[in-house]
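Analysis of the macromolecular model
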Amino acid sequence: MARQLSLYIHIPYCTVRCGYCDFNTYTPKELGQEDGLEAITSNYLDSLLTEIDLVVKQVGKGLVVPTIFIGGGTPSLVSPKNYHKLFAKLKESFELNPDCEITMEANPDSLTKESLTGYLEVGINRLSIGAQSYSPHVLQTLNRTHHPENVKNSVQLARQVGFNHINVDLIYGTPGETLDDWKNTLTITAALDIDHISAYALIVEEGTKLAREINTGVVANPDDDLMADKYLFADSYLKNQGFEWYELSNWAKSDGQCKHNLAYWQSKSWWGLGPGAHSYFDHKRFSNLKNPLTYSAKVKNGELPIATQELQTDEMAQVEKIMLEIRLRSGLEISALPDPNLLGDLDKEFFLPKPMEDGRLVLSPTGRLMADSIVRKLSAPL
Amino acid sequence: MPAIKGGQAPQPLSTDQSIIRNFCIIAHIDHGKSTLADRMLQITEVVESRNMREQYLDRMDIERERGITIKSQAVRLPWKSGIDQKDYILNMIDTPGHVDFTYEVSRSLAACEGAILLVDCAQGIEAQTLANLYLALENNLTIIPVLNKIDLPAAQPDKFAQELANLIGCKPEECMRVSGKTGVGVEELLDQIVAQIPPPSGNASAAARALIFDSVYDTYRGVVTYVRVVDGQLKARDQIQMLSTGAKHEMLEVGVISPEPVVSKGIGAGEVGYIITGVKDVRQSRVGDTITTSIAGASTPLAGYKDPKPMVFSGLYPIDGAQYPLLREALDKLRLNDAALVYEPETSAALGFGFRCGFLGLLHMEIVRERLEREANLDLISTAPNVVYRVMKEDGKEITVTNPSEFPDGKVAEVFEPMVRATILAPSEFIGAIMELCQDRRGELKGMDYISEERVEIRYILPLSEIVFDFFDQLKSRTRGYASLDYEPIGEKPGELVKVDILLQGEKVDAFSAIIHKDKSYGYGVTMTEKLRKLIPRQQFEVPIQAAIGSRIIARENIRAMRKDVLAKCYGGDISRKRKLLEKQKEGKKRMKMVGRVEVPQEAFIAALTTDAELDAKKNN
């Protein structure tokens, strides 16, 4: 079988920055650029195309691509016309699998029937819509500007034009969010005609506006116990609604699992294109320059825009395997543990009783909530 | 000019007793003793102005910084009296200023014929000063009352002159008024020392007898011993003998301090100086002992020799277990200079390897700890201080307990605890607050006297254990810092004492065990369990915290199991970041102490063993 390489494509632009977000994304104002986003993204696309050439020079032509994920920032800021150019380049450089999963993240406010049709036509076949919550006060704390109603409309439109795979992203644990707020958000989301739900616990990242607000006491610190309750509720409720968990923060209907997401957790190869994008290839983990301007300059100079690189040792690979695969429904084979006796130190309730028999460890819902503790314990000898 | 110019002054060994005056300065911390001493060094010109620095005589950094004197010194000051124009030799013997060193103070006093009672005339006399004044009076010393800091705007010399007059039975106008800072009145004071303090009256032709009033270890010289010759004389190359042990030493060097060491042919009756014999440990040259010559020596020691006895014990543990050998080395080194410090290795299940150390008191403990941390660069945890208990078991056996873990688990017939007589001086408005505190600490009121219209002396009998636990901090905070305290041991008394253990998940944490009066055991249990609940992070399982007397649980708290410890997202494929975070967390775990299965952060031990007042003090620093 030909060598496989998943692709991640980063669109590092947003019209406004959300208060909790520490992703590598920029507003035109932050970059000090007067041009509108249309011009900026158009220029940026040229850099991306050049980077693809540089990557192909490195890895060779014709690698088979099983999945592509376009993330951001706000990828729906880029017009279908521009994506058309991008995909022409990708097809000329790689061999896209006939069933290649191609996901694009989208802001529910920016989708129209016309744009959705355009995206579908260029080859995008999966949408990931950032809803986060249906409670207006939660959206306000997160600085999300979209109207909750637009999530529903976007999903309907996407289904109408022919998208078969749709994910909705949710965040729980925002300060001020009650358990009932969260139940309401889940109820509305699960009722949508979608096949995938990602639900992430809010992480207060240093340097964000939200972190400052918490430090100064403007908003309360998220409560871990309440987060745990919300996670457990989500897991059992979504299961009842036909969404099975397959990764710690991801639930899908049958056939709805995100293959690209799984590639990360299963340590498959992927190349990240664009500023700040991370890659895993040939036992190396590396990442691109974060600033779009320095990134573009480097690419135009004919060099791969790599900023950091780490060669994965056997020991690192072993720790990462434990750390990543324990999060999956398929679990981690016990034989991958440096010392299986350490399992004796952990509460049996953290694991599903059945799969342990055929030599794999699979976390129970309470175990998933304690995954980092469990990984620390199990990887302690490494 | 009353200073005696170079080379003209009477020399050691040939100074007649009639022109010698030996005196000390009794003063409270901050009342300006060191500054007054500085001025005396300058006015008598034993230190040239260009070499002068502040607190000239305080050798250790720790003394200079904290403004307290740990070790005494003796400085020979030649002085031409402004009254009779004759030459005199004044020996100023500096005394340690704190309650823990009462015995050393008493030996310094025994080396003098007179004392300057130095009082800050903006603050008035303090309890320790009063205690030392009584000591001086017991030693029949001539007292010269002196009000210092008359240059201060807040000075109230008339008020405090009256107070001093009431105390020592003189007239207010007999109190001298000086400023150590500006030098006003210091020459007159030197003249009055000559005029009022009697000369020594030993027998210059008798067999030699010299009192050791201080003994200091010096890295280069070995032990330097400070002595006051009472009878006869000590000459270079004499062989000397310690009367308490009979041990003999060669005298390698003898001299006087002025204020740097000056070698002499010897020192005669009435004189004060130092000797070096080459011994390496101050225990071989103990304060209070009598030195004589081994040939034709004296056989009767001077009165008052005592072995220093540790009163307060605490466990000292390195935070980093690997520093244990360094701690041992540092203690061994410190011991050379501190005859009162005792220690032996001990092991704590919670804290690892360390030492159980015995101290004269709380300040002594603090100083030792600070010197260990500073001079040996160690990070230490000290367990809560406790006193020495004598436990009689029902089978008639007796145990001495210096560590709560030695307290017998079975039935005990009786427990004896050390008691002290405490003297507190404070403005009278605080009488209520002080009595409330002492009552709460199981105190027994022994008397109260007004030393002036606004200030009282309150006397209590208290268990020492009640004083070692944040009593002083409480006293200060309840009297807005105005009260001062002095105490002296007066034997032991049976008490209703129990051992309270703290259990984490059913396992005893030895570092938190305490011996406490029955009536207070419940309070201790509640406070400690509450404190620990806040300090110990949640674990993967529920952790009960209990306080128990024997098998009876008296207080209980619960640390709920941690329910969430997972980062939900993958940071856009930044797996390296996730792995590094994990490694950092693992490092953090390594610094935890394991108590059974419970991970307890180092800081929890420190915080739990520190009183709230200490914590506040640290925060304010």
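Let me begin by describing the structure that accompanies this report. This structure is a prediction, so every number in the text was calculated from the model and none was measured. Residue numbering note: each chain is counted from 1, following its sequence as written. Whichever chain is written first is A, and whichever ligand is written first is 1; the rest continue in order. Only residues with pLDDT of at least 70 are given local features in this predicted model, and only at 80 or more are side-chain atom pairs given and counted; all residues enter the totals for whole chains, interfaces and linings. Neither water nor hydrogens contribute to the side-chain values; these are computed over all heavy atoms in the structure.

What makes two residues a contact is simply this: any of their non-hydrogen atoms within 4.5 Å. Every contact between the two is made by 40 residues of chain A and, on the other side, 27 residues of chain B. Roughly 3,200 Å² of surface becomes buried between chain A and chain B when both sides are summed, with 55% attributable to carbon and sulfur atoms. As a working definition, buried area equals the accessible area (1.4 Å probe) given up by two parts on being put together, with both sides summed. A per-residue breakdown of the area chain A buries against chain B is headed by A:Asp225, A:Asp372 and A:Arg376, which together make up 20% of the total. Across the pair B:Arg579 and A:Glu310 runs a salt bridge, and its minimum N-O distance is 3.0 Å. By definition, a salt bridge exists where a carboxyl oxygen of Asp or Glu is found within 4 Å of a side-chain nitrogen of Lys or Arg.

Before going further, it helps to examine the environment of A:Ala228. Put simply, DSSP H or I for four residues or longer makes a helix, DSSP E for two residues or longer makes a strand, and each gets a number counted from the N terminus. Looking at the secondary structure, you find A:Ala228 in helix 9 (residues 224–240). In this structure the C-alpha to C-alpha distance between A:Ala228 and A:Thr366, which are 138 residues apart in sequence, comes to 8.2 Å.

Residues and elements named next belong to chain A. In this model, helix 9 (17 residues) spans 24 Å end to end at C-alpha, consistent with the 24 Å of a helix rising 1.5 Å per residue. Burial here depends on accessible area, computed with a 1.4 Å probe over protein chains only, as a share of the maximum for the residue type. Under 20% is buried, over 50% is exposed, and the range in between is partly exposed. Listed in full, the buried residues belonging to helix 9 are Asp-225, Met-227, Ala-228, Lys-230, Tyr-231, Ala-234, Asp-235, Tyr-237 and Leu-238. In the stretch just after helix 9, Gly-242 is the one whose phi turns positive, near 95 degrees. One fewer than the residue count of a helix, multiplied by 1.5 Å, yields its expected span.

What follows deals with the packing of aromatic side chains. In this scheme Phe, Tyr and Trp rings, the latter by its six-membered ring, pair at centre separations within 6.5 Å, and the angle between planes marks the pair as stacked below 30 degrees, edge-to-face above 60, and tilted otherwise. Throughout the structure, instances matching the rule amount to 16 aromatic pairs over all chains. Measuring from centroid to centroid gives 6.1 Å for A:Trp270 and A:Tyr280, while their planes differ by 55 degrees, and the two rings are tilted. Here A:Tyr280 lies in strand 10 (residues 278–281) and A:Trp270 lies in strand 9 (residues 270–273), a separation of 10 residues in the sequence. Residue A:Trp270 is classed as buried on the basis of its relative accessible area, which comes to 0%. Judged by centre distance (5.9 Å) and plane angle (85 degrees), the rings of B:Tyr343 and B:Phe355 are edge-to-face. Highlighted residues: B:Tyr343 in strand 18 (residues 342–348) and B:Phe355 in strand 19 (residues 352–359), separated in sequence by 12 residues. Each ring is checked for a lysine NZ or an arginine CZ that lies within 6 Å of its centre and within 35 degrees of its normal; such an atom marks a charge sitting over the ring. A:Arg368 extends its terminal NZ or CZ atom over the ring of A:Trp245, reaching a point 3.6 Å from the ring centre. Lying across the ring of B:Phe416, B:Arg390 places its NZ or CZ 4.4 Å from the centre.

A few words on the pairing of strand 11 (residues 284–288) of chain A. All names here are of chain A. In terms of burial, strand 11 is largely enclosed, as 4 of its 5 residues are buried. In this analysis, strands are considered paired if DSSP registers two or more bridges between them. Across 4 bridges, strand 10 lies against strand 11 in antiparallel orientation. Bridge pairing in strand 11 links Phe-281 to Lys-284. Sheet topology note: the strand 11/strand 12 (residues 306–311) ladder contains 5 bridges and is antiparallel. In the strand pairing of strand 12, Asn-288 is matched with Ile-306.

Attention now goes to the side chain of B:Ser348. Residues and elements named next belong to chain B. Of note, Ser-348 is situated in strand 18. Residue Ser-348 is classed as buried on the basis of its relative accessible area of 6%. Of the polar contacts made by the side chain of Ser-348, one reaches the side chain of Asp-510; its length is 2.8 Å. Apart from residues no more than four positions distant in its own chain, Ser-348 is found in contact with Tyr-317, Asp-510 and Ala-511. Here a polar contact is taken to be a pair of N or O atoms separated by no more than 3.5 Å, where protein atoms must pair a possible hydrogen donor with a possible acceptor and residues adjacent in sequence count only if both atoms sit in side chains.

All names here are of chain B. Looking at the element boundaries, His-28 is found in the loop between strand 1 (20–27) and helix 1 (33–43). Note on His-28: relative accessible area 14%, which makes it buried. When near neighbours in sequence (up to four residues on either side) are disregarded, His-28 contacts Glu-126, Gln-128 and Thr-129.

For the purposes of this analysis, a disulfide is any pair of cysteine sulfur atoms at a distance within 2.5 Å. In total, this model carries 0 disulfides over all chains according to the counting rule given. For A:Cys21, which is in no disulfide, the shortest distance to another cysteine sulfur is to A:Cys18 and amounts to 6.2 Å. Looking at B:Cys175, it has no disulfide partner, and the nearest cysteine sulfur is the one in B:Cys170, 4.4 Å off.

All names here are of chain B. In the contact formed by helix 7 (residues 324–335) and helix 8 (residues 362–375), the axes pass within 10 Å of each other and the chain directions differ by 120 degrees. The angle between helix 7 and helix 8 places the two elements in the oblique class. The two elements helix 7 and helix 8 meet at a crossing, and its hand is right-handed. Of helix 8, the residues touching helix 7 (which contributes Leu-327, Ala-330, Leu-331 and Leu-334) are Val-368, Arg-371, Leu-372 and Glu-375. Each axis is a line fitted through C-alpha atoms, and for a helix only the stretch in contact is used; angles between axes span 0 to 180 degrees, taken between their N-to-C directions. Our angle categories are set so that under 35 degrees counts as roughly parallel, over 145 as roughly antiparallel, 65 to 115 as roughly perpendicular, and the remainder as oblique. Here is the rule for handedness: rotate from the far helix to the near one, and if that takes an anticlockwise turn smaller than a right angle the crossing is left-handed, while a clockwise turn gives right-handed.

Residue and element names in this part refer to chain B. A 1.4 Å probe that fits but cannot get out identifies a cavity on a 1 Å grid over protein atoms alone, an open set with protein on both sides within 12 Å along at least five of seven lines counts as a pocket, and a residue lines either if it has an atom within 4 Å of a point. Grid points are joined across faces, edges and corners, and a volume is the space filled by probe spheres set on the points. For the structure on display, the rule yields 5 cavities of 30 Å³ or more. In this structure, the second largest cavity encloses a volume near 100 Å³. Ranked by residues supplied to the lining of the second largest cavity, first place goes to helix 13 (residues 575–590) with 4 residues. When grouped by side-chain class, the residues that make up the lining of the second largest cavity number 7 nonpolar, 1 polar and 3 charged. Gly counts as polar in this scheme, as do all residues outside two lists: the nonpolar Ala, Val, Leu, Ile, Met, Phe, Trp, Tyr, Cys and Pro, and the charged Asp, Glu, Lys and Arg.

Core analysis: the biggest nonpolar cluster contains 113 residues, and A:Ile68, A:Tyr83, A:Phe94, A:Ile124 and A:Leu378 have the highest contact counts within it. With 11 residues, the single largest contributor to this core is helix 2 (residues 37–59) of chain A. The residues contacting A:Tyr83, other than those within four sequence positions of it, are A:Ile11, A:Ile70, A:Pro75, A:Val78, A:Met104, A:Tyr119, A:Val122 and A:Ile124. To qualify as a nonpolar core, a set must consist of buried Ala, Val, Leu, Ile, Met, Phe, Trp, Tyr and Cys residues joined through side-chain atoms within 4.5 Å. Grouped together as the second largest cluster of nonpolar side chains are 47 residues, B:Tyr389, B:Val420, B:Ile434 and B:Tyr487 included.

What follows is about the packing of helix 7 (residues 179–190) of chain A against helix 9 of chain A. Residues and elements named next belong to chain A. With their axes 10 Å apart at the nearest point, helix 7 and helix 9 run at an angle of 25 degrees to one another. It follows from the interaxial angle that helix 7 and helix 9 lie roughly parallel. Between helix 7 and helix 9 lies a crossing of right-handed hand. In this structure, helix 7 uses Leu-179, Trp-182, Lys-183, Leu-186, Thr-187 and Ala-190 to contact helix 9, whose residues at the interface are Leu-226, Asp-229, Lys-230, Phe-233, Ala-234, Tyr-237 and Leu-238. Partitioning the contact of helix 7 with helix 9 into residue classes produces 9 nonpolar, 1 polar and 3 charged.

A few words now on the sheet that holds strand 3 (residues 87–93) of chain B. Residue and element names in this part refer to chain B. Pairing is mixed in the open sheet, where 6 strands are placed in the order 2-3-1-4-5-6. Two strands close off the open sheet at either side, each with one partner strand: strand 2 (74–80) and strand 6 (176–177). Judged from the 5 bridges that link them, strand 1 and strand 3 form a sheet pairing that is parallel. If you follow Asn-22 over to strand 3, its bridge partner there is Asn-91. Contacting strand 1, strand 2, strand 3, strand 4 (114–120), strand 5 (142–148) and strand 6, helix 6 (residues 186–196) runs over the sheet at an angle of about 170 degrees to strand 5.

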